[in-house]
Every structure is written in structure tokens, then in C-alpha cells.
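# Descriptive structure summary
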Amino acid sequence: MYAAVRRYEGVSDPAEAGRLVKEGFVPLMQQVSGFVAYYWVDAGDGVMVSTSVFRDRAGAEESVSRAADFVRDNLASLLPNPPQVMAGEVVASA
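What this report covers is the structure whose coordinates are included nearby.

## Here's the deal with the overall build of the protein
Each helix and strand counted, the protein has two helices and four strands in total. Here the C-alpha radius of gyration of the protein, 13 Å, is about what a compact globule of 94 residues would show, namely 12 Å. Dimensions of the protein along its principal axes, counting C-alpha atoms only, are 35 × 25 × 20 Å. For the protein, buried positions account for 33% of its 94 residues. For the protein, the proportion of contacts with a sequence separation of at least 24, taken over those separated by at least 6, is 70%. For the protein, the computed accessible surface area is about 5400 Å², with 51% contributed by carbon and sulfur atoms.

Below is the structure:
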């Protein structure tokens, strides 16, 4: 399995960002081949973190691309700073 983690800082309206992600982005992730799970976390203080899990590297990489497009097209005013993006193979899970 592979995961992609994105950390967004300076989120101006976490509740609205969460609504838009739930209604618009989650369905996009579910369409990516190898989709396993997606989480959008409000870490407080204007920080939100997303985690996408896929069966293969290609799915994780596609999620990073789709996230960038979705943020640009739908969330730019709420997520004003570029995210920190990390992706790699899952080496342990429960």
C-alpha cells in the first residue's frame, strides 16, 4: 500500500473546507484505481491534514495531482498556502 499526506496551514474556514472536501473531493478519490481510504483532519489552529491510501504507487501519485487541481479550482480562497506533501510506501499498519 501507498499513502499520500498533505498538510495545509493557514486554513481560513475549516468547516467550509471540510464540507467542500466531503462533497467534492472524496468522490474524486473514490474513483482513483486502487483507492483504500481517505481522511481529512482538522488539526486545529488553521491546520488541516489529508491522508490518502491506495493499493499502489500510481494511485497515491494520482491523488496528489487531483488534490492540487481540486484545491486550485475549489479551495484556493480557504487554503491560501501550498501544502507540504509527502508520499510513500506504507511499511506498517493496523
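Continuing now.
## Structural notes on the pattern of salt bridges
One pass over the structure, following the stated rule, counts six salt bridges. The partner of R19 in a salt bridge is E16, with the nearest N and O atoms 2.6 Å apart. Residue R19 and its partner E16 are located together in helix α1 (residues 14–31), separated by three residues, close to a single helical turn. With a relative accessible area of 36%, R19 lands in the partly exposed category. Here E16 falls in the partly exposed class, since its relative accessible area comes to 26%. Here D73 ties to R72 by a salt bridge, and the two come within 3.0 Å at their closest N and O atoms. Like R72, D73 is exposed. Three or more residues are tied together by salt bridges with common partners; here these are E16, R19 and E23.

## Overview of the packing of α1 against helix α2 (residues 57–75)
Remark: α1 packs on α2, axes separated minimally by 11 Å, with the N-to-C direction vectors making an angle of 145°. Handedness of the crossing formed by α1 with α2: right-handed. Within the contact between the two elements, α1 uses A17, L20, V21, G24, F25, L28, M29 and Q31 and α2 uses S63, R66, A67, F70, N74 and L75. Residues belonging to the contact of α1 with α2 are distributed by class as follows: nine nonpolar, four polar and one charged.

## So, the sheet that holds strand β2 (residues 35–44)
Spatial strand order, β2-β3-β1-β4: four strands in an open sheet with antiparallel pairing. If you trace the sheet from one side to the other, it starts and ends with β2 and β4 (84–89), each paired once. Each neighbouring strand pair of the sheet contributes to a mean axis angle of 10°, computed without reference to strand direction. Sheet topology note: the strand β1 (residues 2–8)/strand β3 (residues 47–54) ladder contains seven bridges and is antiparallel.

Thresholds, definitions, all that
- Residues numbered from 1 in each chain as written.
- Predicted model: local features only at pLDDT ≥ 70, side-chain atom pairs only at ≥ 80, totals over all residues.
- Heavy atoms only, no water.
- Helix = DSSP H or I, 4+ residues; strand = E, 2+ residues; numbered from the N terminus.
- Rg over C-alpha atoms; globule rule 2.2 N^0.38 Å.
- Buried < 20%, exposed > 50% of the residue type's maximum accessible area, 1.4 Å probe, protein only.
- Contact = heavy atoms within 4.5 Å.
- Areas by Shrake-Rupley, 256 points an atom, 1.4 Å probe, with all protein chains shown as cover.
- Salt bridge = Lys/Arg side-chain N within 4 Å of Asp/Glu carboxyl O.
- Axes fitted to C-alpha atoms, helices over the stretch in contact; angles between N-to-C directions.
- Left-handed = near helix turned anticlockwise from the far one by under 90°.
- Nonpolar A, V, L, I, M, F, W, Y, C, P; charged D, E, K, R; others polar.
- Pairing = 2+ DSSP bridges.

Remember, this is a structural readout, not a statement about activity or role.
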